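A look at the structure
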Amino acid sequence: MATIRHPSVDVVAIGAGWTAGILAAELCRAGMRVVALERGRARGERDFADDHDELRFAVRSELFQDAAVETQTLRHSTSEKALPLRYLGAWLPGTGEGGAGVHWNGQTWRFHPSDFVYRTHYIDKYGRDIFPTDMRQRDWGITYDTLEPYYTTFEDMSGISGQAGVIRGRRIPGGNPFEGSRSGNFPTRPMITSVAGEKFSTAARGLGYAPFPVPSANLSVPYTNPDGVSRNHCLYCGFCERFGCEVGAKGDPTVTVLPVAKRTGNFELRTHAWVHRIQHDGRRATGVLYTDAAGQTHEQPADIVLVTSFMFNNVRLLLLSRMGQPYDPRTERGSVGRNFAYQTFGASASGFFGDEDAFNIFMGSGANGIAIDEFNADNFNHRGLGFVGGGSISLASNGTRPIQNQHPAPDGSTWGLNWKRSIRDTFRRTTSIAAQSESPAYRQHFVDLDPTYNDGFGDPLLRVTFDWEPNERRMVAFLGNKIAPIMRAMRPTRMTAGPGMLPPHFDTVAYQSTHVTGGTIMGDDPTETVVNDFLQMWDFPNVFIIGASNFPQNAAFNPTGTVGALSYRAADGILNHYNRNPGPIRTG
Amino acid sequence: MERFKKGISRRQLLRGAAATGGSLALAGIASGTLAEAQEASTMPTRLRALTREEAEIVGAMADRAFPRDGSSPSATEIGFIHYLDEQLAGGWGSGERFYRQGPFVQPQTSGHGYQLSLIPREVYKRVLPVVDSYARSRYGGRSFTEITPSQQDTVMTALQNGRVDIGLGNDPNGFTSGSFFTMFMANVNEGLFADPIYGGNRDTQGWRWVGYPGDPMAYGDYYFTVFQHRDDDYQVQPTGVGHGME
């Protein structure tokens, strides 16, 4: 079959999630014609009317990337042979209109000012020796202050419910005292706090901490955003993570930015369009090649290519298309694939409250929770601790469902009569506190193309080389010891707590986080980074790459707020810089 | 709208009952439906994936994992075999969302997860006869279904600890009997707590055991109204996503 060549457009976007959706809304409004190519299907609220089904969505993964067609391979070091994740496990990448933005929880954070100048901050304060010799922490090439207006735009667009802690340098009671200064408060007030959340708040306050509500994309009140999009408030049904929202209360691309792009008349979404290659002449991209559901190959020429799929495929598409210099861990040369990082869990406490009849743990929302920030980033003194980094400690009330939330009995049994009786007693009366922690970058953690395993189209899978390092083991041990006294102060009947632990090797089976980062990192050095501070590719000025793949290392907070801010930053770069002078916005 | 009213009236009924009789009222509802459950079959009349013998073995295992306790039913009494057989015959059992391209390699380190070439249905059909012959070899030729509950528990523990050779690899990081036991227990949890439309959790007895209310859509008022009284002890007759089809 001959390739079908489509008429050229101003912009082609790969994917139709948050990043592509935001760029499409902004660029289409400015009169640019945008085509988005999405490998999955069209979908929206209508698809989720009957989705309160834990087996179908949470266990059998209906909304996620289909591992039968494409997965990743994993090895713990370069001396090991990588094996495929035959079932999705540790992470759950999305597919379909809205991408993973449809099935996220909605926790919407801003990274700390110090996160963006990570290397400089730690070296200035503690000296160079604070970093292990194989760690490769970097500054982002952008500061919090530069990014602040874009964060605000994302929060106003998606209607984030929260309580500011710092506005224009002034502390606001009830918010996070450690956050970067905001230009204004959240657009909507915090969500209602659960009984367990209130217990956590009281305990944390008693220990001298400053608990605050987790910023949430699950609306606390009905809201009309600056684009004129109105949405209803959250019903606290508890079906967010792994599910779509049937009432549109969860900020997701299908109920926010994509409708805005569609109503301009300048936007076209093609679904079941699987992009395999970015075409280029070595200096500029000329378009993309994709396959439709019938196997027909299409060429979509464009003046600008937006690499807006997801962390994994942003990197993979560059490698498959031979764009940029692949990273080589032996020489540490090259940029594409460098600084893969993840998210570190392992520090938690679980408490059983025998007299508690009103936790109602099945109610809640994806981002409903109370957090403290005292042990996150460099909010505490790291001198003599033996690690860098920290974690966001929180109690989440995000809807506990029974298939995936049955715990061992006090005697340790996981089946049998004791277990049966135990789950009857504990299911409704158990709550937990956990730290979501940083994942630093290392020389030996990176992604490249797998030499053995292919996707359903015959292209190499992405290979991840990653493991837990001693720094993170010390970090989670420390965080676990900070969590235990909070749980104790909540006065449970019994509790499981103590120093946080990580398994001997990174385990791909148990779900941990979909917050994979790096591989197309941003910065100010064209030899070691892939994009500049407008997310414009150094080597190809008409290519913009946006996603958590831009993060030089991962902070402890959920990434979507920052990914959203970077998307608006890229739109600004295209509309106000690139369009005026279609070349490199920065010179390295 | 019909559904809405139904949800409300049910809940009000429950609330009223809970107000007068507390947990006893709930226990009354549970034992009322237990009679129906006991009448219902533990074995499907027609099996789609398992043989009758395999179904009996895995059913006996499930009834040790979630045994009858006084008046509360066991796993098979609330539909575990119905659930598992449907799952093994359907998409999951047939390898849906399973990356099945070779080469297949037995992992030499931890953390790589499932690496067999077999689809889940084949795993069950391969391992269940091994469980039975393991029982026969230890207990005078008697099947797993014929040995005593405590002997069954001994076999279950051996499986869980990876001590039964299921012939699918010899590396502790490969697929051991412990890996199979984990798969089995995940399916037990699903059979107990998945929405009743899948054949298990019959009459929401699994949900009632742990106090899970099911699909909030069924209650008309959602939780939002309730969440404003979130310090109430929320008790309802659980309902699944199939509530409109009743």
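Residues numbered from 1 in each chain as written. Chains lettered and ligands numbered in written order. Predicted model: local features only at pLDDT ≥ 70, side-chain atom pairs only at ≥ 80, totals over all residues.

Further remarks concern the overall build of chain B. The secondary structure content of chain B amounts to nine helices and zero strands. Put simply, 65% of the contacts in chain B that link residues at least 6 apart link residues at least 24 apart. (Helix = DSSP H or I, 4+ residues; strand = E, 2+ residues; numbered from the N terminus. Contact = placed C-beta atoms within 7 Å.)

Quick look at helix H3 (residues 52–65) of chain B now. Residues and elements named next belong to chain B. End to end, H3 covers 20 Å across 14 residues, agreeing with the expected 20 Å (1.5 Å per residue, within 8%). Across the 14 residues of H3, 12 count as buried, placing the element largely inside the fold. Lining the buried residues of H3 we find helix H4 (80–89), helix H5 (120–138), helix H6 (149–160) and helix H7 (177–193). (Expected span 1.5 Å × (residues − 1). Buried ≥ 20, exposed ≤ 12 C-beta atoms within 10 Å, placed from the backbone.)

Across the boundary between the two partners, chain A contributes 56 residues, which contact 50 residues of chain B. Of all the elements in the fold, those that place two or more residues in the side of chain A that touches chain B are helix H2 (54–59), strand E5 (83–84), helix H9 (417–426) and strand E19 (446–454) of chain A. With five residues, H9(A) is the largest single contributor of residues to the side of chain A that touches chain B. Across the side of chain A that touches chain B, the residue classes tally to 28 nonpolar, 14 polar and 14 charged. (Nonpolar A, V, L, I, M, F, W, Y, C, P; charged D, E, K, R; others polar.)

The next thing to look at is the confidence of the model for chain B. Per-residue pLDDT for chain B averages 85, and the proportion of residues at 70 or more is 82%. Counting interchain partners and residues more than four positions distant, the pLDDT-below-50 stretch residues 1–32 of chain B has 24 contacts. (pLDDT = per-residue confidence, 0-100.)

All names here are of chain A. Strand order in the open sheet formed by four strands is E5-E4-E20-E19, with mixed pairing between adjacent strands. Edge positions in the sheet fall to E5 and E19, since each has one partner strand and no second. Pairing of strand E4 (residues 72–75) with E5 involves two bridges; the strand directions are antiparallel. Looking across to E5, one finds that Thr-73 is bridged to Pro-84. (Pairing = 2+ DSSP bridges.)

Attention now goes to unusual backbone geometry. For the peptide bond that leads from B:Gly102 to B:Pro103, omega is 0 degrees, which places it in the cis range. Relative to the helices and strands, B:Pro103 resides in the loop between H4 and H5. Although it is not a glycine, A:Ser61 adopts a positive phi angle of roughly 65 degrees. Looking at where A:Ser61 falls in the secondary structure, it is placed in the loop between H2 and E4. For A:Ser61, a count of 20 C-beta atoms within 10 Å puts it in the buried group. The backbone phi angle of A:Arg322 is positive, close to 55 degrees, even though this residue is not glycine.

Residues and elements named next belong to chain A. Pairing within the open sheet is antiparallel, and its six strands lie in the order E8-E16-E17-E18-E15-E21. Of all the strands in the sheet, the pair left with one neighbour each is strand E8 (212–213) and strand E21 (494–496). When strand E15 (residues 344–352) meets E21, the two strands line up antiparallel, connected through three bridges. The residue bridging Phe-352 from the neighbouring strand is Arg-494, located in E21. Docked against the sheet, helix H10 (residues 470–489) engages E15, strand E17 (391–398), strand E18 (430–437) and E21, running at close to 20 degrees with respect to E15. (Axes fitted to C-alpha atoms, helices over the stretch in contact; angles between N-to-C directions.)

With that settled, the discussion passes to the environment of A:Cys234. All names here are of chain A. Relative to the helices and strands, Cys-234 resides in the loop between strand E10 (230–231) and helix H7 (257–263). Judged by local crowding, Cys-234 falls into the buried class, with 31 C-beta atoms found within 10 Å. In this structure, the C-alpha to C-alpha distance between Cys-234 and Lys-250, residues 16 residues apart in sequence, is 7.1 Å. Setting aside chain neighbours within four positions, we find Cys-234 in contact with Met-191, Asn-218, Leu-219, Ser-220, Ala-249 and Ser-365.

Turning our eyes to something else, we now look at helix H11 (residues 560–578) of chain A. If you check H11(A), its first and last C-alpha atoms are 25 Å apart, about what 19 residues at 1.5 Å a residue would give, namely 27 Å. In terms of residue burial, H11(A) counts as a mostly covered element, since 15 of its 19 residues are buried.

Here we come to the packing of H4(B) against H7(B). Residues and elements named next belong to chain B. Across the interface, H4 lies against H7 with an axial gap of 9 Å and an inter-helix angle of 115 degrees. Of the two elements, H4 crosses H7, and the hand of that crossing is right-handed. In this structure, H4 uses Phe-80, Tyr-83, Leu-84 and Gln-87 to contact H7, whose residues at the interface are Asn-187, Val-188, Glu-190 and Gly-191. Residue composition of the contact of H4 with H7, by class: four nonpolar, three polar and one charged. (Left-handed = near helix turned anticlockwise from the far one by under 90°.)

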